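Residues per chain are reported as follows:
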Amino acid sequence: MDVFTKLFGNLLAFVYHCFDRIVIHGYLSALSRPEQVVHFVRKVVGVPVVSKEILSQRTADYQNWVEAYARNHHIPIEWAEKGVRKEDHVLPWLRQITNKDTYGVYFIFKSMEQGSTFRISMPKYPTKDPHYRILARQRSRFTHYYFYIRDETLGPMVMRVASFFPFQTTYYLNGHSFIEQELNRAQVGFRKNDNAFLAVDDVAALQATADRLSPEIIRKRLDYWTFVLGPKFSAKERSALNLSRFYAIAQIEYCRNFIFRRNFPIHKLFERSCELGLWRLTADKIATIFGKRLNRRMRGKLATVIDQIEHGHHVFRAYFKSAVLRQYEKFATFLRNELCSNNLTDFGLRKGLDHLDAVRQTFQTITSRFAGYQAQWLNVHVDFPLLQRIALPITIGSVRYPGIKIHDVRVIRLFEVLLHGGTHVGGWTAKQIHQAVLTTFHLSDKAYGLNQLRYDLRKLKGHGLIERDGSRYAYRLTAKGVQVALLFLFFHKRLCGPLANSRFHHQPDLKHRPNSQLEAAYHRADKAIQNIVDVLAAA
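Summarised in this report is the structure supplied together with it. Computed from a predicted model, the values in this text were never measured in an experiment.

## Some remarks on the nonpolar core
- Judged by nonpolar contacts, the single largest core of 77 residues is most densely connected at Ile24, Val105, Phe147, Leu173, Ile252, Phe290 and Phe363.
- In contact with Val105, not counting residues within four places along its chain, are Tyr69, Ile75, Phe147, Tyr148, Ile149, Trp225 and Leu229.
- Leu457, Ile466, Tyr475 and Val484 belong to the second largest nonpolar core, which has 27 residues in total.

Now the structure itself:
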């Protein structure tokens, strides 16, 4: 258990960590270099001259196959429009296939993008081989296909296929989708919104499922969809070249998620974390969090900033080389620490898919270390705006309830009487409460009438501080009401009164104070107030 969880354990519902976004490049190991392509065309296909027409024919064949596949399976295929987010556009089709509980391709996008391919040119001087051609790598614009897939193991995923040699593929996965599929299969109840689990019946099962995502599971599904949707090679070509794909991690995100029980603390904690992070998270601290030593030869960014993303949420970012550690709040009770890397060599890690477990361990250590630093910074008093919120009027349905002020004498008297209602199991009726208030505080019926009491009870009930006993007109304090009542009374009688007297009327002598823990606490509070006054005066 990390320091953050220990510090805010009473406010947290649960914590889990997992891979979030994973981008994987797939390379055809037998056709990734120019000499391999020449060997394929001349020896396997049997064409003596490697020409642009030969390679273009492979592209045309694949493009025709994709069009036929979409037509035969009734899958919409469209050109991607500029300024339109692909994930938002395909969402209705994803909902349809999810509601039908079927799996497969549900949408195809075509897009003109830059990609890696080969350039064919004639040699400058004649050679002994008249069919000799120069092949060199280049980047150019050509058609890419985005296959939107709902997989039975990995959930919703995207596969991008380049339609030119060497037919590089890119896969976009999400660890939360894999967890969702596994929890549904195990019949574990949960509530998921967008890209976060906000409630779950079994937290241990959630974490165990997140840790179960392995290179073997990912490779098996990627091989399947690459065989089904990728460029086509004959059995002869496959056996001659031993075609296989090497999968390398291009981008990866690992997140540590804190789900709070209530929406009060999360915004205050995030605000305080951003304020302290900008001051305390210096370059040496960032290097320590990422497990590296700071030196002059270090390349890349070392900085902290606060950005605002497109949805209006603020994001705290700590940059380290090509990696970034983000923190943001979402859905009122959701706080996420997210580590994203585009170059695993920054951490001394290999990018091959087989090294996914090493990436998990390293990123888990870094996010845990960051949460530990934050817990140390946040181990301070936080402003809880209870008094400000409860003083504001609220509207429930068409009924408007006035606010409750901490200096309202009538409410203080009512709280004191209701707190001594332990003998009234079924609650107090309005007449019993009225009589108890008049007797306790020696008031007359004219000074505090029954209608005034009913008005005060209506306010307390509107704010959720009292409740009725079933259908009877008998009232008792709720759990929240007991805490608010104690806070109001302690503030007036135990804190505000003695401190105000010592500040303005009589300052107790430190040399002759009684041996009392309560009195010692008052002296410490009085000294702390004086220190605050001195600091404010100096500022």
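From this point on, the discussion continues.
## Re unusual backbone geometry
- Of note, the amide linkage connecting Phe165 to Pro166 takes the cis form, showing an omega dihedral of 10°.
- Looking at the element boundaries, Pro166 is found in the loop between strand S5 (155-162) and strand S6 (169-174).
- Positive phi, normally seen in glycine, also occurs at Asp101, with a value near 55°.
- Exposure remark for Asp101: the relative accessible area of 52% places this residue in the exposed category.
- Backbone geometry places Lys321, a non-glycine residue, at a positive phi of 55°.
- Assignment of secondary structure puts Lys321 in strand S11 (residues 314-321).

## Some details on a nonpolar patch on the surface
- Nonpolar side chains collect at one region of the surface, where Leu278, Trp279 and Ile306 lie side by side and expose about 360 Å² of accessible area between them.
- When you line up the elements, Ile306 lands in strand S10 (residues 301-308).
- Taking relative accessible area as the criterion, Ile306 reaches 35% and is therefore assigned partly exposed.

## Brief notes about the sheet that holds strand S16 (residues 428-429)
- Spatial strand order, S16-S18-S17: three strands in an open sheet with antiparallel pairing. Both edges of this open sheet fall to S16 and strand S17 (466-468), since each of them pairs with a single strand only.
- Both S17 and strand S18 (residues 474-477) contribute to a ladder of three bridges, which runs antiparallel. Note on S18: the bridge partner recorded for Glu467 is Arg476.

## Quick look at the side chain of Lys459
- Looking at where Lys459 falls in the secondary structure, it is placed in helix H16 (residues 450-462).
- Among the residues examined, Lys459 registers a relative accessible area of 5% and is labelled buried.

## A few points about the pairing of strand S13 (residues 334-341)
- Among the eight residues of S13, eight are classified as buried, and the element is accordingly described as predominantly covered.
- Burial along S13 is two-sided: the residues Phe334, Arg336, Glu338 and Cys340 and Leu335, Asn337, Leu339 and Ser341 are all buried.
- In this structure, strand S12 (residues 323-330) lies alongside S13, joined through eight bridges in antiparallel fashion. Pairing of Glu329 across the sheet is with Leu335, part of S13.
- Hairpin geometry of S12 and S13 is characterised by an intervening segment of three residues between the two adjacent antiparallel strands and by a positive phi of about 55° at Phe331.

## What to know about empty space enclosed by the protein
- The final tally for this structure, using the stated rule, is one cavity of 30 Å³ or more.
- Around the largest cavity, the lining residues are Leu154, Leu173, Asn174, Gly175, Phe178, Leu213 and Ile218.
- Contributing elements (two or more residues each) for the lining of the largest cavity: S6 and helix H6 (175-185).

## A word on the pattern of salt bridges
- Under the criterion given, the structure shown has 21 salt bridges.
- Between Glu338 and Arg326 there is a salt bridge, with its nearest N and O atoms 2.7 Å apart. Of this pair, Glu338 sits in strand S13 while Arg326 is found in strand S12, placing the two residues twelve residues apart along the sequence.
- Residues participating in the shared-partner salt-bridge network are Asp20, Glu253, Arg326, Arg336 and Glu338.

## What to know about the sheet that holds strand S9 (residues 245-260)
- Strand order in the open sheet formed by eleven strands is S2-S3-S4-S5-S6-S1-S9-S13-S12-S11-S10, and the pairing between neighbours is mixed. Every other strand in the sheet has two partners, leaving strand S2 (77-79) and S10 as the edge strands with one partner each. Neighbour to neighbour, the strand axes of the sheet diverge by 20° on average, direction disregarded.
- The strands touched by H6 are strand S1 (12-28), strand S4 (134-151), S5, S6, S9 and S13; relative to S1, the strand with the most contacts, the crossing angle is about 115°.

## As for helix H2 (residues 34-45)
- Its twelve residues place the ends of H2 15 Å apart at the C-alpha level, agreeing with the 16 Å of an ideal helix rising 1.5 Å per residue.
- When H2 is considered as a whole, its buried residues turn out to be Pro34, Gln36, Val37, Phe40, Val41 and Val44. In a view along the axis of H2, the buried residues occupy a sector of 170°, so they form one face of it.
- On its buried face, H2 is in contact with helix H3 (52-72), strand S3 (104-121), S4 and helix H9 (235-241).
- With its phi angle positive at about 95°, Gly46 sits one or two positions after the end of H2.

## Quick word on the layout of surface pockets
- Estimated volume of the largest pocket: approximately 1,800 Å³.
- Along its surface, the largest pocket is lined by 45 residues, and Arg85, Glu87, Asn174, Asp194 and Asn195 are the ones closest to its centre.
- By residue number, the principal contributor to the lining of the largest pocket is helix H5 (residues 91-100), which donates five residues.
- Split by residue class, the lining of the largest pocket holds 17 nonpolar, ten polar and 18 charged.

## Section: the state of the cysteines
- Under the counting rule described, the total for this entry stands at zero disulfides.
- Between Cys255, a cysteine without a disulfide, and Cys18, which holds the nearest cysteine sulfur, the sulfur-to-sulfur distance is 3.8 Å.

Definitions and limits used
Residues numbered from 1 in each chain as written. Predicted model: local features only at pLDDT ≥ 70, side-chain atom pairs only at ≥ 80, totals over all residues. Heavy atoms only, no water. Core = buried A, V, L, I, M, F, W, Y, C linked by side-chain atoms within 4.5 Å. Buried < 20%, exposed > 50% of the residue type's maximum accessible area, 1.4 Å probe, protein only. Contact = heavy atoms within 4.5 Å. Helix = DSSP H or I, 4+ residues; strand = E, 2+ residues; numbered from the N terminus. Patch = residues over 30% accessible without salt bridge, like charges linked within 9 Å, V, L, I, M, F, W, Y side chains within 5 Å. Areas by Shrake-Rupley, 256 points an atom, 1.4 Å probe, with all protein chains shown as cover. Salt bridge = Lys/Arg side-chain N within 4 Å of Asp/Glu carboxyl O. Pairing = 2+ DSSP bridges. 1 Å grid on protein atoms, 1.4 Å probe; cavity = no way out; pocket = protein on both sides within 12 Å on 5 of 7 lines; lining within 4 Å. Points joined across faces, edges and corners; volume = space filled by probe spheres on them. Axes fitted to C-alpha atoms, helices over the stretch in contact; angles between N-to-C directions. Expected span 1.5 Å × (residues − 1). Arc of directions from axis to C-beta. Nonpolar A, V, L, I, M, F, W, Y, C, P; charged D, E, K, R; others polar. Disulfide = S-S within 2.5 Å.

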